[in-house]
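Next come the chains, spelled out residue by residue.
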Amino acid sequence: MPLAKLQAQDDFDGWRTAARALALADVPAEQVSWQVGDDVGDLFAGIAETPVPPAPADATFSVSRGFVDLAETVILHADPERFGLLYTMLRRLRAQPGLIDDHADPLRRRLEDMAKAVRRDIHKMRAFLRFREVVEADGQPRFVAWFEPEHHIVRANAGFFVRRFASMRWSILTPEATIHWDGEALTEGPGAARADAPDGDPVEDAWKTYYASIFNPARLKTGSMIKEMPKKYWRNMPETALVPGLIAGAQHRESQMIDTARAAPGGNAQLALDALREEAAGCKRCPLWKPATQTVFGEGPPDAKLLFIGEQPGDQEDLAGRPFVGPAGQLFDRAMADAGVDRATTYVSNAVKHFKYEPRGKRRIHSKPNGSEIEACRWWIEQEREIVKPAVTVALGATAAQSLLGRVVTISRTRGAPIALADGSEGWVTVHPSFLLRIPEEDRRAEEYARFVEDLRRVGERARTLAG
Ligand code: URA
């Protein structure tokens, strides 16, 4: 029985090397045992082990970027079966590459659910970590936090904390590992116990002030700190503690599965939204960022009870950097006013955050986002919803509905009735304002406009009722 040994729970490179060699040797998934570290435990006692056969030097092997991204995230999941599941998927993908886009496939779905759980855990760590201040022997403060992640995410999150709290000394203690930043280098140590972390109130006020200052976009240079961190400092670290790959690896993973909103200790939704907006500004989760002018992020009060999702920014939104300011936005504003809903009290965003268009002469013609672009961008709207926590979310049109519900729906069939969302809040679907703009016959346009206004009136009322 081939035994694939991995260095650590999050050893993606080790998994990839072993999986590649095993797949090239055509070893069925059920014959492979995966082991992390040296601890085999009882499971494999008495089973004859053989090392993974080395891959032939001239062997060619390619898998889609989508699978690599998925695997990098799933590897961080706590489920011990993940290595084998990913390997099974890898073997199936070699025979059927299109499987990566088949979201109905049970294994594909299971892996996606696992990736989602990991991303949530990463977000939770960023959002809910509470630092306590301790004074070290040299009289300087160190901020120490205790966190119990559900998955193996500590390394993957390290780069984030290094960037955010570059000029402070801090330690994050978890049962599996501890990470420490001294302002210059990151070190890693063994797991800790809750009792190792200081007790007492978190340093809320100091922390909030700190967050407020680092989230001033004018001051923030995302990513530059890590690139500039002088390697000379690494030499001075004890060898066992120095983890140079930690930062690069974490940053790499982070750029792919970033889920950045996080409240300041004490939970400040505005700061969390600001942080999320800032991260979204550098989003490259799909190719739409390239031709677009900028990311158009949502806007509105962080505690809005009513949240609207549009399709994607149009030409004017792309230039202005704000959602729904062009012709569709003006119609939306008028309909909201007619419905008695004050847009300023609602949060308005889009399913896709970059303008997708076809250049035609000097004009840029709107082009509908496809399924993978909607899926890639879904992360941001989910985070916005998670921070704002609206009582009612309204999808304007089919793209928004697909993003909100995770499936393709027909507007005429879903319109007009509440849909229970996974977080316990209510979802509604109606038409997109640009649908109204495209209706040529005046009578029909007026009729549809009235229906749209009625939908807005109902959701406004629902939000007021649910919010109490
Ligand atoms: N259409 C949308 O869906 N969103 C906008 O922000 C503008 C037009």
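Before any of the text, the structure's been laid out above.
Caption draft 1: Inspection of the packing of aromatic side chains at higher detail. In this structure the tally under the stated criterion is 10 aromatic pairs. Judged by centre distance (6.2 Å) and plane angle (65 degrees), the ring pair of F161 and W170 falls under edge-to-face. Taking relative accessible area as the criterion, F161 reaches 0% and is therefore assigned buried. Judged by its relative accessible area of 0%, W170 falls in the buried class. The positively charged end of K353 is found above the aromatic ring belonging to F297, 5.9 Å away from the centroid. One Lys or Arg, R364, reaches over the ring of Y357 and ends 4.9 Å from the middle of that ring.

Caption draft 2: Looking closely at helix 10 (residues 269-280). An ideal rise of 1.5 Å per residue puts 16 Å on 12 residues; helix 10 measures up with 16 Å between its terminal C-alpha atoms. Within helix 10, burial applies to L271, A272, L273, A275, L276, E278, E279 and A280.

Caption draft 3: Here's a closer look at the site of the ligand. Taken together, G310, E311, Q312, P313, G314, E317, P323, F324, N350 and H432 are the residues near the ligand. Separating an oxygen atom of the ligand from a backbone N or O atom of E311 is a distance of 2.6 Å. Contacts to the ligand include F324, whose backbone N or O atom sits 2.8 Å from an oxygen atom. Protein coverage of the free-state accessible area of the ligand, which is 230 Å², stands at 93%. Its atoms largely coinciding with the cavity grid, the ligand occupies the second largest pocket. Tallied by class, the residues present in the shell around the ligand amount to three nonpolar, five polar and two charged.

Caption draft 4: Broad picture of unusual backbone geometry. Of note, D26 is a non-glycine position whose phi angle comes to about 60 degrees, a positive value. Relative to the assigned elements, D26 resides in the loop between helix 1 (12-24) and strand 2 (33-36). We classify D26 as exposed; its relative accessible area is 53%. Positioned with a positive phi, F324 is a non-glycine residue whose angle comes to about 50 degrees. Along the chain, F324 falls in the loop between helix 11 (315-320) and helix 12 (327-339). Residue F324 is classed as buried on the basis of its relative accessible area of 5%.

Caption draft 5: Local environment of the pattern of salt bridges. One pass over the structure, following the stated rule, counts 36 salt bridges. For R364, the salt bridge identified is with D318, shortest N-O distance 2.8 Å. Here the residue R364 occupies a position in strand 12 (residues 363-366), and D318 occupies one in helix 11, the gap between them amounting to 46 residues. Assessed through its relative accessible area of 21%, R364 is described here as partly exposed. Taken together, the shared-partner salt bridges connect R120, E375, R378, E382 and E386 into one network.

Caption draft 6: Region of the structure containing empty space enclosed by the protein. Under the definition given, this model contains two cavities of 30 Å³ or more. As for the largest cavity, its lining consists of C283, R285, C286, L288, T295, V352, K353, H354, A376, C377 and W380. Every residue along the wall of the second largest cavity is listed here: G416, W428, V429, T430, D455, R458 and V459. Elements with a contribution of two residues or more to the lining of the second largest cavity: strand 15 (426-430) and helix 17 (442-467).

Caption draft 7: Expanded view of the sheet that holds strand 10 (residues 347-350). Spatial ordering of the open sheet is given by 10-9-13-15-14, a layout of five strands whose pairing is mixed. Each end of this open sheet is capped by a strand with a single partner; those strands are strand 10 and strand 14 (419-420). Two strands pair when backbone bridges link them, and strand 9 (residues 306-310) and strand 10 are joined in this way by four bridges, in the parallel orientation. The residue of strand 10 that forms the bridge with G310 is N350. The strands touched by helix 14 (residues 398-405) are strand 9, strand 13 (392-396), strand 14 and strand 15; relative to strand 13, the strand with the most contacts, the crossing angle is about 140 degrees.

Caption draft 8: Spotlight on the nonpolar core. One finds L306, F308, F332, V392, V394, F452 and L456 to be the most contacted residues of the largest nonpolar core, which totals 57 residues. Ranked by residues supplied to this core, first place goes to helix 13 (residues 371-388) with eight residues. Discounting chain neighbours no more than four positions away, the residues touching F308 are F332, M336, T346, Y347, V348, S349, V394, L396, L456 and V459.

Rules of the game
Residues numbered from 1 in each chain as written. Predicted model: local features only at pLDDT ≥ 70, side-chain atom pairs only at ≥ 80, totals over all residues. Heavy atoms only, no water. Phe/Tyr/Trp six-rings, centres within 6.5 Å; stacked < 30°, edge-to-face > 60°. Buried < 20%, exposed > 50% of the residue type's maximum accessible area, 1.4 Å probe, protein only. Lys NZ or Arg CZ within 6 Å of the ring centre and 35° of its normal. Helix = DSSP H or I, 4+ residues; strand = E, 2+ residues; numbered from the N terminus. Expected span 1.5 Å × (residues − 1). Near = heavy atom within 4 Å. Polar contact = N/O pair within 3.5 Å; in protein donor to acceptor, adjacent residues only side chain to side chain. Areas by Shrake-Rupley, 256 points an atom, 1.4 Å probe, with all protein chains shown as cover. 1 Å grid on protein atoms, 1.4 Å probe; cavity = no way out; pocket = protein on both sides within 12 Å on 5 of 7 lines; lining within 4 Å. Sits in = over half its atoms within 2 Å of the grid points. Nonpolar A, V, L, I, M, F, W, Y, C, P; charged D, E, K, R; others polar. Salt bridge = Lys/Arg side-chain N within 4 Å of Asp/Glu carboxyl O. Points joined across faces, edges and corners; volume = space filled by probe spheres on them. Pairing = 2+ DSSP bridges. Contact = heavy atoms within 4.5 Å. Axes fitted to C-alpha atoms, helices over the stretch in contact; angles between N-to-C directions. Core = buried A, V, L, I, M, F, W, Y, C linked by side-chain atoms within 4.5 Å.

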